[in-house]
Amino acid sequence: MTRRTTGPEIERLIQALAKLPGLGPRSARRAALHLIKNRDKLLVPLASAAAEARDKVTVCSECGNVDTIDPCTLCNDPRRDRSSMCVVEEVGDLWALERASAWSGLYHVLGGTLSAAEGVRPEDLSIAKLIARIAEGGIKEVVLAVNATVEGQTTAHYITEQLSPLKASISRLAHGVPVGGELDYLGEGTLTAGMRARRPC
Ligand SMILES: [Zn+2]
């Protein structure tokens, strides 16, 4: 049995933090200690922000983004170009493109990539919804901003085939990036350049 150094409440905080991406047990302990030491300045606002997010966060029924309203802020924004749609794997990719101001059209979040190895089939992703959105008309260009992984490219190929009977032109984000690079980790300049240099499928 491991020796206890804190009460169960602090232990639970450490364990929850340790599940965050990029945080192992050691950094989770450091983060927990930092939060506890700065109770009023950090722990209290974090707890209330987390509670508020828990109560209000929802998935956009249009694009799959996460927000506190449905349709989401982006789908509701009248300034966005409604004739173009950027398809991404995950919400993190959408946020990366937004941070880089690389896209001003609509988005569609697939929720992953096709993968024979992991048993991810087209019906496991938001592909039918994507086809339905394009079939509604009004979208002239679809940009597939999937990652430069085998799964990402397989998914792009599948979507291109599925959308081919429809009117929209399809292009792909130009990747001057290593295979396996995730959009979320790319610099903002790279993302913007990749979007500008997109190629027709
Ligand atoms: Zn949305």
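A few points on the structure.

Scanning the chain for helices and strands turns up eight helices and seven strands. The C-alpha extent of the chain, read off along each of the three principal axes, is 65 × 40 × 35 Å. Expressed as a percentage of the 201 residues in the chain, the buried residues total 37%. For the chain, the share of sequence-separated contacts (at least 6 apart) that also reach a separation of at least 24 residues comes to 54%. Entry remark: accessible area of the chain is about 12,100 Å², with carbon and sulfur atoms responsible for 55%. Within the chain, one finds 25 positive and 24 negative side-chain charges whose respective centroids are separated by 7 Å.

So, on to the coordination of the zinc ion. Distances from the zinc ion to its protein donors, Cys60 (SG), Cys63 (SG), Cys72 (SG) and Cys75 (SG), fall at 2.3 Å. For the zinc ion, the four donor atoms in the first shell make angles of 104 to 115° at the metal, a pattern classed as tetrahedral. Linear spacing of the donor residues for the zinc ion on their chain is C-x2-C-x8-C-x2-C. Judged by its relative accessible area of 4%, Cys60 falls in the buried class.

The rules behind the values
Residues numbered from 1 in each chain as written. Predicted model: local features only at pLDDT ≥ 70, side-chain atom pairs only at ≥ 80, totals over all residues. Heavy atoms only, no water. Helix = DSSP H or I, 4+ residues; strand = E, 2+ residues; numbered from the N terminus. Buried < 20%, exposed > 50% of the residue type's maximum accessible area, 1.4 Å probe, protein only. Contact = heavy atoms within 4.5 Å. Areas by Shrake-Rupley, 256 points an atom, 1.4 Å probe, with all protein chains shown as cover. Lys, Arg positive; Asp, Glu negative; His and termini not counted. Charge placed at Lys NZ, Arg CZ, Asp CG, Glu CD. Donors = N, O, S within 2.8 Å, 3.2 Å for Na, K, Ca; no water. Tetrahedral: all angles 85-135°; square planar, octahedral: opposite > 155°, others 65-115°.

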